[in-house]
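Here's the letter readout for the chains.
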Amino acid sequence: MEPLYIRVHERDNVAIIVNPEGLPAGTRFPDGLTLIENIPQAHKVALRELSRGEPVIRYGEIIGWATGAVKAGSWVREDLLVLPQPPPLDGLSLATAPPAAQPPLTGYCFEGFRNQDGSVGTKNILGITTTVQCVAPTVDYAVQRIKKEILPRFPNVDDVIAITHTYGCGVAIDAPGAEIPISTLKHISTHPNLGGAPLIVSLGCEKLQPERLFRAPDLAQLQVLNNDDPLLIRMQDERGFGEVVRAILSAAEKRLEQLNRRQRTTVPASELVVGSQCGGSDAFSGVTCNPAVGYAADLLVRAGATVMFSEVTEVRDAVHLLTPRAINQDVARALIREMKWYDDYLARGSADRSDNPTPGNKRGGLANVVEKALGSVAKAGTSALMAVAAQGEKVTAKGLVFAATPASDFICGTQQLASMNLHIFTTGEGSPYGLAMVPVIKVSSRTALAERWPDLIDIDAGRIATGTATIEEVGWEIFRFMLDVASGKKKTWADHWGLHNALAPFNPGPVT
Ligand code: CA
């Protein structure tokens, strides 16, 4: 392979090395640039000489200031950059340049499970909600029995899962922010893939009483929706473990009878609610997998679907690029509100956004959170920002939506589950991440990862770096794969192996 670097923007004075083994000192590029030291793959090369204090530019944006003189052809390491301050939240341009809507994309459909409330599922699952961690092993035990003894009689049902978590008790349940985990768990319990009413197992004495998870009138309504079949089992009301398990099995059997009657029907692609996030990103993420997912996001928006991007700390340093794209000033202000909320949350813990990049991100060539954020927001594509959802809030808008979540993979995924019926996950360093409730499509930033993990990575976007595929081609491939996966026609590797991460609702409040 010829020596190759990728420069994203004409203003950039650094570029990243594409060659899988990196490149040795003395390598000469066709434009005459010569490396003066060895540079690993994905790491940055200075395209020209930089003096001390000069801005280092990638994606056309300042990712740092040089701590000293940097020679052309040298390796621009993390320690050669001073981290810039985040963009100030006052004085941002609000809705000044919302992109015009692209032509609608019609005729794209998938086979989904239509629910009574109009929502559409991509799987058919019996989910058993828990109000508190105390009952989790009991429900896990019951789920094992249900899968073995009852599920085989209901072939239209894909799976039975326990919706377990660490929230529910020993928490300051009236503290500011407590509505975030509670709202997340509520929406997950009535997820479109669970087909309607939840099945709840409560201990009895916990702080998160079922009437707190769902308001009493909502519970009554859900009871009607559930044909008066049992909706709630309180463990402390039952006589012994055997009795509790029998009660769960009996309620589960009734739910399975309902779920088994569900059939996939053809629905328009506009019924998709796709959550995107990245995990284990590298310097390629922002030029391969994330723009390809962004292209697919644009296609989904054109098809009338909903696409969420999230991860506040990976948006914070690119917020000045997003507020102009808001459809109106209220949406722009809501985005700023979520950035401010997270700034304050981090400050309470004596942290800031610079705690974000991981050792793996840095090994993958990302110098700091600014460079990570500029690559991360490429997942949002180029459409206008139509709505902003606060932490834990369910997304109801169509089009491109920012749903505020932490960047932590499992917390972001859990929170996006409140709204999404399909998940797309980009990765540079590699992650086996998956969720039981929705299919998780994994896209690699480099071909080397897709080759090392052929049975974990669903789509290789690394081909974009080497020029064997375009962003558009991979974007369409992702879009079509999404429709097949949502239809149950194709399986993600995570579902093939049953790699399903535990749920982790975000609790910003105190634990007592
Ligand atoms: Ca993440």
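None of these values were measured; they are calculated from a predicted model.

**Structural notes on the overall build of the protein chain**
Turning to step 1, where the next piece is worked out: What the protein chain contains, in helices and strands, is 15 helices and 20 strands.
Turning to step 2, where the next piece is worked out: Taken over C-alpha atoms, the radius of gyration comes to 24 Å for the protein chain, in line with the 24 Å a tight globule of 512 residues would show.
Turning to step 3, where the next piece is worked out: Of all 512 residues assigned to the protein chain, the portion counted as buried reaches 60%.
Turning to step 4, where the next piece is worked out: Sequence separation of at least 24 residues holds for 72% of the intrachain contacts in the protein chain that already meet a minimum separation of 6.
Turning to step 5, where the next piece is worked out: Here the protein chain displays about 20,100 Å² of accessible surface, and carbon together with sulfur accounts for 53% of that area.
Turning to step 6, where the next piece is worked out: Here the protein chain holds 49 positive side-chain charges and 55 negative ones, and the gap between their average locations is 2 Å.

**Topic: the coordination of the calcium ion**
Turning to step 1, where the next piece is worked out: Ligation of the calcium ion by protein atoms is provided by Q277 (OE1), C278 (O), E311 (OE), A407 (O) and D409 (OD), these donors lying 2.3 to 2.5 Å from the ion.
Turning to step 2, where the next piece is worked out: Mapped onto the sequence, the residues coordinating the calcium ion show the spacing Q-C-x32-E-x95-A-x1-D. Of this pair, Q277 sits in strand β14 (residues 273–278) while D409 sits in helix α11 (residues 409–416); the two residues are 132 residues apart in sequence, bridging distant segments of the chain.
Turning to step 3, where the next piece is worked out: On the basis of relative accessibility, which here comes to 0%, the residue Q277 falls in the buried class.

**A short note on the sheet that holds strand β11 (residues 199–202)**
Turning to step 1, where the next piece is worked out: Taking strand neighbours across the sheet as the criterion, the four strands line up as β10-β9-β11-β12 in an open arrangement whose pairing is parallel. Looking at which strands have only one partner, the edges of the open sheet turn out to be β10 (159–163) and β12 (232–234). The average angle at which neighbouring strand axes cross in this sheet is 20°, direction not considered.
Turning to step 2, where the next piece is worked out: Pairing between β11 and β12: three bridges, direction parallel. Bridge pairing in β12 links V201 to I233.

**Let's talk about the domain arrangement of the protein chain**
Turning to step 1, where the next piece is worked out: By the assigned domains, the protein chain splits into domain 1 (1–84), domain 2 (115–259) and domain 3 (276–497).
Turning to step 2, where the next piece is worked out: For domain 1 and domain 2, the distance between their C-alpha centres works out to 53 Å.

**Topic: the packing of aromatic side chains**
Turning to step 1, where the next piece is worked out: Per the stated rule, a full pass over the model turns up 14 aromatic pairs.
Turning to step 2, where the next piece is worked out: Taken together, a centroid distance of 4.6 Å and an interplanar angle of 25° make the contact between F425 and Y433 stacked. By the burial criterion, F425 is buried, and Y433 matches it.
Turning to step 3, where the next piece is worked out: Of the aromatic side chains, those joined through ring pairs into one cluster are W341, Y342, Y345 and F506.

**Quick word on the environment of E211**
Turning to step 1, where the next piece is worked out: Mapped onto the fold, E211 is located in helix α3 (residues 210–213).
Turning to step 2, where the next piece is worked out: A polar contact of 3.0 Å, which involves the side chain of E211, links it to the side chain of R234.

**A word on the packing of helix α6 (residues 289–302) against helix α14 (residues 471–486)**
Turning to step 1, where the next piece is worked out: At a minimum axis separation of 8 Å, α6 and α14 run at an interaxial angle of 60°. Put simply, α6 runs oblique to α14. At the point where α6 passes α14, the crossing takes the right-handed sense. Here P291, A292, V293, Y295, A296, L299 and L300 of α6 lie close against α14, whose contacting residues are I471, E472, V474, G475, W476, I478, F479 and M482.
Turning to step 2, where the next piece is worked out: Considered class by class, the residues forming the contact of α6 with α14 number 13 nonpolar, one polar and one charged.

**Overview of the side chain of K44**
Turning to step 1, where the next piece is worked out: Turning to its location among the elements, K44 is positioned in strand β3 (residues 44–46).
Turning to step 2, where the next piece is worked out: Given a relative accessible area of 1%, K44 falls into the buried group.
Turning to step 3, where the next piece is worked out: A distance of 2.8 Å separates a polar atom in the side chain of K44 from the backbone oxygen of G365.
Turning to step 4, where the next piece is worked out: Engagement of the side chain of K44 in a polar contact is seen with the side chain of E371, the distance being 2.7 Å.

**Remarks on the pairing of strand β4 (residues 55–58)**
Turning to step 1, where the next piece is worked out: Of the pairings in the sheet, the one linking β4 to strand β5 (residues 61–66) comprises four bridges and is antiparallel in character. Pairing of P55 across the sheet is with W65, part of β5.
Turning to step 2, where the next piece is worked out: Hairpin geometry of β4 and β5 is characterised by an intervening segment of two residues between the two adjacent antiparallel strands and by a positive phi of about 55° at Y59.

**Description of the pattern of salt bridges**
Turning to step 1, where the next piece is worked out: Across all of its chains, the model carries 26 salt bridges by this definition.
Turning to step 2, where the next piece is worked out: The partner of E253 in a salt bridge is R153, with the nearest N and O atoms 3.1 Å apart. With E253 in helix α5 (residues 240–260) and R153 in the loop between α1 (136–149) and β10, this residue pair connects regions lying 100 residues apart in the sequence.
Turning to step 3, where the next piece is worked out: By relative accessible area, which is 48% here, R153 ends up partly exposed.
Turning to step 4, where the next piece is worked out: For R363, the salt bridge is made with E429, and the minimal N-O distance between the two is 2.4 Å. Placement of R363 in helix α9 (residues 359–363) and of E429 in the loop between β18 (422–427) and β19 (440–444) is noted, with a sequence separation of 66 residues between them.
Turning to step 5, where the next piece is worked out: Classification of R363 as exposed rests on a relative accessible area of 60%.
Turning to step 6, where the next piece is worked out: Taken together, the salt bridges that share partners define one network made up of D282, R363, E429 and R446.

**Some details on the pairing of β10**
Turning to step 1, where the next piece is worked out: The buried count for β10 comes to five of five residues, which makes it a mostly enclosed element.
Turning to step 2, where the next piece is worked out: The alternating pattern of β10 places D159, I161 and I163 and V160 and A162 on opposite faces, both of which are buried.
Turning to step 3, where the next piece is worked out: Bridge analysis of strand β9 (residues 125–130) against β10 gives five bridges, and the strand direction is parallel. Counted as the bridge partner of T129 is I163 from β10.
Turning to step 4, where the next piece is worked out: Following the chain from β9 across α1 to the adjacent parallel β10, one finds a crossover that is right-handed.

**A few points about the nonpolar core**
Turning to step 1, where the next piece is worked out: Grouped together as the largest cluster of nonpolar side chains are 86 residues, with contacts concentrated most on L272, F402, V443 and I478.
Turning to step 2, where the next piece is worked out: Counting residues per element, this core draws most heavily on α14, at nine residues.
Turning to step 3, where the next piece is worked out: Structurally, this core is a two-domain feature, drawing no fewer than three residues from each of domain 1 (1–84) and domain 3 (276–497).
Turning to step 4, where the next piece is worked out: Beyond its immediate chain neighbours, meaning those up to four positions away, I478 contacts A292, V293, A296, I424, V443 and I459.
Turning to step 5, where the next piece is worked out: Counting 27 residues, the second-largest nonpolar core is a separate cluster that includes V132, V244, A252 and L259.

Scoring rules and cut-offs
- Residues numbered from 1 in each chain as written.
- Predicted model: local features only at pLDDT ≥ 70, side-chain atom pairs only at ≥ 80, totals over all residues.
- Heavy atoms only, no water.
- Helix = DSSP H or I, 4+ residues; strand = E, 2+ residues; numbered from the N terminus.
- Rg over C-alpha atoms; globule rule 2.2 N^0.38 Å.
- Buried < 20%, exposed > 50% of the residue type's maximum accessible area, 1.4 Å probe, protein only.
- Contact = heavy atoms within 4.5 Å.
- Areas by Shrake-Rupley, 256 points an atom, 1.4 Å probe, with all protein chains shown as cover.
- Lys, Arg positive; Asp, Glu negative; His and termini not counted.
- Charge placed at Lys NZ, Arg CZ, Asp CG, Glu CD.
- Donors = N, O, S within 2.8 Å, 3.2 Å for Na, K, Ca; no water.
- Pairing = 2+ DSSP bridges.
- Axes fitted to C-alpha atoms, helices over the stretch in contact; angles between N-to-C directions.
- Domains from an automatic or database assignment.
- Phe/Tyr/Trp six-rings, centres within 6.5 Å; stacked < 30°, edge-to-face > 60°.
- Polar contact = N/O pair within 3.5 Å; in protein donor to acceptor, adjacent residues only side chain to side chain.
- Parallel < 35°, antiparallel > 145°, perpendicular 65-115°, else oblique.
- Left-handed = near helix turned anticlockwise from the far one by under 90°.
- Nonpolar A, V, L, I, M, F, W, Y, C, P; charged D, E, K, R; others polar.
- Salt bridge = Lys/Arg side-chain N within 4 Å of Asp/Glu carboxyl O.
- Right-handed = clockwise from strand over helix to strand, strands pointing away.
- Core = buried A, V, L, I, M, F, W, Y, C linked by side-chain atoms within 4.5 Å.

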